[in-house]
Structure formats: structure tokens, C-alpha cells
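These are the residues of each chain, in order.
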Amino acid sequence: MSKSIFNKILIALGALLVIVYFYPHPEANRFNYEEGRPWNYTKLIAPFDIPIHADSATLMAARDTLDARFVPIYELNQLLIDTIIDRLPEAADRHLPQKLGAELRKVYASGVVDMRTKDEIAARRLPKVRLLEKNVLSEMSTSGFTSPRDAYLYLDSVITDSALHQYFVRAGLQNILLPNYTRNEEESRRLYEYDYLTLTADRGIILQGQTIIDKGAIITSQDFTNLQTYEHMLRQLDTNRNQSKWLMLLGQALYVGLLLAAMMVYFYFFVPDVYASLRKLAFMYSLVTLFFLVGVGLNYFVAQGVYIAPMMIVPILVLVFFDGRTALFVTGVLTLICAGVTAFALEFIFLQFCAATAAVFSLGELSRRSQLLRTSATVMLAYFAAYVALDLLMNGSFEGFTWRMMAFLAVNAALTSMAYILMFAVERIFGFISVVTLVELADINTPILMRLSNECPGTFQHSIAVSNLASDAAARIGANVQLVRAGALYHDIGKINNPAFFTENQHGVNPHDALPPERSAAIVVNHVADGLQLADKAGIPEVIRNFIREHHGRGMAKYFYITYCRQHEGEEIDKAPFTYPGPNPQSRETSVLMMADSVEAASRSLKEHTREAITALVNRIVDGQIADGLHSESTLEFRDVNKIKEAFVKRLMTIYHSRIAYPSAAKTAENNNN
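Residues numbered from 1 in each chain as written. Predicted model: local features only at pLDDT ≥ 70, side-chain atom pairs only at ≥ 80, totals over all residues. Heavy atoms only, no water.

Draft legend 1. Main features of the packing of aromatic side chains. Tallying each qualifying case throughout the model produces 24 aromatic pairs. With a centroid separation of 5.4 Å and an interplanar angle of 35 degrees, the aromatic rings of Y266 and F270 are classed as tilted. With a gap of four residues between them, Y266 and F270 both fall in helix α10 (residues 241-270), about one helical turn apart. Relative accessible area serves as the criterion here: at 7%, Y266 is assigned to the buried category. (Phe/Tyr/Trp six-rings, centres within 6.5 Å; stacked < 30°, edge-to-face > 60°. Helix = DSSP H or I, 4+ residues; strand = E, 2+ residues; numbered from the N terminus. Buried < 20%, exposed > 50% of the residue type's maximum accessible area, 1.4 Å probe, protein only.)

Draft legend 2. Expanded view of the pairing of strand β5 (residues 136-141). By the bridge criterion, six bridges tie strand β4 (residues 128-133) to β5 in an arrangement that is antiparallel. Bridging across to β5, R130 finds its partner in E139. The antiparallel hairpin formed by β4 and β5 contains two residues in its connecting segment, where K134 sits at a positive phi of about 55 degrees. (Pairing = 2+ DSSP bridges.)

Draft legend 3. Summary view of the layout of surface pockets. Here the largest pocket defines a volume of roughly 1,500 Å³. Lining the largest pocket are 42 residues, and of these H552, M556, K558, Y580 and A601 sit closest to its centre. Considering only residue class, the lining of the largest pocket consists of 16 nonpolar, 16 polar and 10 charged. In this structure, the second largest pocket encloses a volume near 1,200 Å³. In terms of lining residues, the second largest pocket is bounded by 38 residues, among which D273, K280, F321, N480 and L483 are the most central. Going through the elements one at a time, α11 (272-275), α12 (278-301), α13 (313-321), α14 (324-339), α19 (435-441), α22 (481-490), α25 (542-550) and α27 (588-603) are the ones with two or more residues in the lining of the second largest pocket. Of all the elements, α25 adds the most residues to the lining of the second largest pocket, at five residues. In the lining of the second largest pocket, the residues fall into 17 nonpolar, 11 polar and 10 charged. (1 Å grid on protein atoms, 1.4 Å probe; cavity = no way out; pocket = protein on both sides within 12 Å on 5 of 7 lines; lining within 4 Å. Points joined across faces, edges and corners; volume = space filled by probe spheres on them. Nonpolar A, V, L, I, M, F, W, Y, C, P; charged D, E, K, R; others polar.)

Draft legend 4. Structural view of the nonpolar core. With 73 residues, the main nonpolar core has F267, F283 and I337 as its most contacted residues. By residue number, the principal contributor to this core is α12, which donates nine residues. Dropping the residues within four chain positions of it, F283 is found in contact with L317, F321, F322, V426, F430 and F432. Judged by nonpolar contacts, the second largest core, of 50 residues, contains L452, A479, L532 and V618. (Core = buried A, V, L, I, M, F, W, Y, C linked by side-chain atoms within 4.5 Å. Contact = heavy atoms within 4.5 Å.)

Draft legend 5. Looking closely at empty space enclosed by the protein. Scanning the entire structure with this criterion turns up one cavity of 30 Å³ or more. Estimated volume of the largest cavity: approximately 40 Å³. With five residues, helix α16 (residues 370-395) is the single largest residue contributor to the lining of the largest cavity. Looking at the lining of the largest cavity, its residues break down into four nonpolar, one polar and three charged.

Draft legend 6. Structural view of the pattern of salt bridges. Inspection of every chain in the model, using the stated rule, returns 22 salt bridges. Each of the salt bridges in this network shares a partner with another, and the network as a whole consists of D536, E542, R545 and R549. (Salt bridge = Lys/Arg side-chain N within 4 Å of Asp/Glu carboxyl O.)

Pasting the structure below:
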């Protein structure tokens, strides 16, 4: 097995391990279902007796009812009043403690409770209590109950005898008055739970062989509870739980593995440039893995959260850097993987299929940010239409329609616009380049191109002409036009370091006349390395730097080579000093640029710009490069060469078209006089 294939298997295997690790565990529910939605499986028959527990709505209603009507249990401390009276201070008049004690007994006879109980009574939440005496419960009204504070204030207001009132103040009753009716928390809680269990007792039994739920039936709250009870009992009765766990893990691994393998097969047959690049393969598998994790994470924290996950970012990113067919296939694989996480797999697949198709159709080629807003709106409409269609298909009505799901889908579509941010992250991480970036790079107001325009005006005009020439040819053969246009603008930026040594920037003085040919060749050849250094400092993407690196390939500075040969006749000449570092063009786009660069420069030296002369020039230059093997490493096809030549001839004829000779003013006046 070659190292390349081994690395590809490692990429796919890494994605498989991550996805399977975060897949729903085998211990999770055997069925996916939701309250208020149809039961999508076959009729479910009870394999054993199943108790019918109260559903969640009944439990909640029972709790609310019990909270409203429950009467707590209180106990009376009959010895408390005697204890309080015994703590009264002595007085000169022994009748004062007796009189104050009598008043206290009157107050405590009605009942004294703590402030919490008093507040509940005041709020009319506690009209009566149950009194526990000698294990016997009896109810009593709370209308006469008071608090220690209120009892003190009452005594302070009703004691009119001055001597008794002075004794009352000295007694400090505010510190010794305590409730004689106290809540028995333990007995109250026990009774509360008993009443709750009575209200929520089992409603009966689903006998073995009876139907738990029919296929297509809307899952009610009671059905949902019955299904949960059934699954709980299944887990308790599963004696082969460990075996089941590993078998389910194996099934998940096979399921995900087959889908990821299908991706690899697709790339091999239909997108060979992706299959041949580990970087591109890593991007594809990372994209699928990342958005699966996003969907699983949202589903973990929010019910049906997978519907919020902006899955449509995947087809947009793949379309921006590759093509629409690949975008739909990769999204299909991601959708099938995520379907195992959802409650309704078929519904999820249909929704994602409609949205992905809409996204790819509406986007086309991303060149402006506003296109993403249009795509987000289109995806939202596709989601809504698909959801309504599914609801009508499955229910025959809008009973299952929920605004919550519509909100989820709307958020999903809105998040699709985040693709613009992720697009730049992908460019930085994987070294890809989008049309948006190419359009920005082709702006002649960028700092490096402005410098080229100011310091090398001839080279700048040559680059623009080459850009137009190469773009026409690229369009003819179906190559990346935006890439060729941008690459052509930057291919000669290395001439900025020595502008006067290049013909297009010279004005009558040629500095090469004073230099030996090998020195002149070194300066000319070095404009490739100089260009790469400038591009690196300016942060120009690698794919554009390839145009700088390959636009001369392993060609030669022939003028200086021939001059050197003439000066050293009979000697063995080393071609290395006159040869560009290369490499030769590796893609159709850089091949087109090499041809356009040479043709545009040579066309300036033509004395006549007739079709015949231009055609001969184009054929001589292009055929010469092919004969020299400069395009042998490119993916350019033989049938593309003729199309490129035709595009060059047509464009050059347009540039150098003959013009009407307008008569001069003097000549016109002379003709008029005659």
C-alpha cells in the first residue's frame, strides 16, 4: 500500500472514529418519537404487562391541585403557656403576675403561630389546619390565630391599668412569647406524598399482547408515558445488554463507514483532483465531521436542536471552492449521518435535501456578500415549504404543525450567512481561494498593484493586457477565469525591484548594453524570485504565487543566451544561468498565462497586425512552448490548445484593429477650394 493511499485511509478513519464516538449511545432509546407527532413505526405490541403510569400532564395537574388544597398538620404545645407565666418576673404586688398570666392565657387560648403561618393566613392560603393530638387528626379554623408580635401588641393595647401596664413592660414579653401551635414538617410531608401518590396512582395495565400504539397514531401525553415505561422495562429485562451494546456500536461504525467510503469513491471517479490532494480530502472529511458535531451538540442541549444546526453552510463552502455536484453529494452524506440523531429521519433527510438544492441553485458562483443573504432567504423558503408539505403528507392536516419548528428552521437559515466568515477561515487553514478573494485581489487599487502601476507603468499595462488575453482563453476552455485574471495581474510584480531592466519600462536607454549577457540574464531571471518575495510579504495566497513561479516555467532567457553563445563560439555553454527556476506550469490556468504572457509581449514587435501575421505569431509561440516541453506537466488537453489560439487571435485582432484614416483639416479645406 502506497503512502498516499495510507494517508487517505487515515483521514477517513479519523473522521469515522470521531463521529461514532459522539453518536447516540446504544443505551439510548430504541425508538425516536415526540409527543404530538405521529408514531412512524409499525404497530407496537406489548411483550409483557406494562403498568399505565400517569402522564406528565396528569402529574402536573395533580401537583397543582394538591398544592392548592393540602391542609398541613400542626401540633399544640399545651405546656408552653405555663412555661411563659413561670418566667414572669416577681412584683411587689403579687396580683400583677396573676393578672398578666390571665391575659396571656386568653391570647394563647385562640392560638399563637409563627410569622410564616401568619403570612399564609393573611394571604388566605391557609384557612384551616389539621391538629394532631394523641395520634388523632382534627381540623380547626385559623381565623383566631395570631403571631407573637401581634399578641404582644394586643396585650399592650388592652391593658389599661397603669400598674399592670408598667409590670407588662418590665416583663419583656417580646423576648419570651413563642408559638404554641407549630407545624409538624415531617408528618405534613409524609401526608403530602401519600395524597400525591393517591392522586397519581397507576391507571391500569396494558396486558401482554395488547397494542401500545398503532402506526401513524398521534402520540398523546399518555402514549408518551407508556412508551417511556415500556423502554425502561426493556432495559431492565435486557440480560444481553453488553452484547447488544457492542453490536449496536458495530452497526453505527458500519453505517458511518459506508457513507464515508462512498465519499471517497465519489471523489475517485468524479472529482479526481480532490482525491489526489490530501489537503482537499482533509477539508471534505473535516467539514462533515465538524457539522455533525455541531448538530449533535445542539441536539444534546436543545430538544430537536439538530434542526438549528446550519447544515447549509456545507454545500455553500463546497460550492465556493469546488462545484455544485460535489456540494450536493457531500451534503447528502452529512445528512444521512445526522439522520441517525434525529427523531424523524425521513423528515430530516427531506428537509435537508430541499434546502441544499435551493442553496446550490440560488448561489451559483459567490462573488458578492449580498448573494449569501439571498441564499439564506431561499433556504428559509425551501425549509418552510418542505415542512408544510411533510405535515400535510403525514397528518393530512395542520395538527402536527408547530411554530417552534418553524422558528428553528428560520434560525438555521439565518445562520447560513455565517458561511462568509468560515470561508475566510477555510482559505487560511487549507490554502484554498474563493471567487470573492480573487475579485478582491484583481482590484488594481491593492497596495502591491498600485506600486506596480507607479514604479513599472509599462509592466503594469502589460499585465493588464495579459490578464484580458488569458481570461478570454480561460473562458474558452472552461478554466477558472477569475483565477487567471488575478494571477496575470501579479505574475510580473518582481520587476518592481529593477524596472529599468525590462523593455516595457525603458525610454531609449537600455542598461543591458553595459552588462555582460550572463549578468543581464541573472537580473531578468531573478524577477521570479523577487516576485515571490514581494508576494510573501503582501500575504498573496499560494495559488496566486504559483502564477509568479510558473509563468516562465523552466524556459530560458533566450536573447541573452544566444548573445552569450555568439560571444563564446565553440565553447560548451552552461544553460543554467539563463534558465528560469520553474517549475513548468502545473495547471491549465498557469499554462494559459505562460502562453498569453509570451504572445502579448511578442505582439508588440509585429510590424503588421493582420490576421495572418497575428495567427502566425500565436502558432509559432504556442507550438514552440509545447515543443520545448514547457506544458508537459500541465493538465491542459490537446483540444484546448486550438481554442486558446483562437481566443488569442480574436483578442489581438480587437486590440490592433485598423482604424479609419480621418482627413486633416488642411486637406479638407484644399479639397473644398478645388
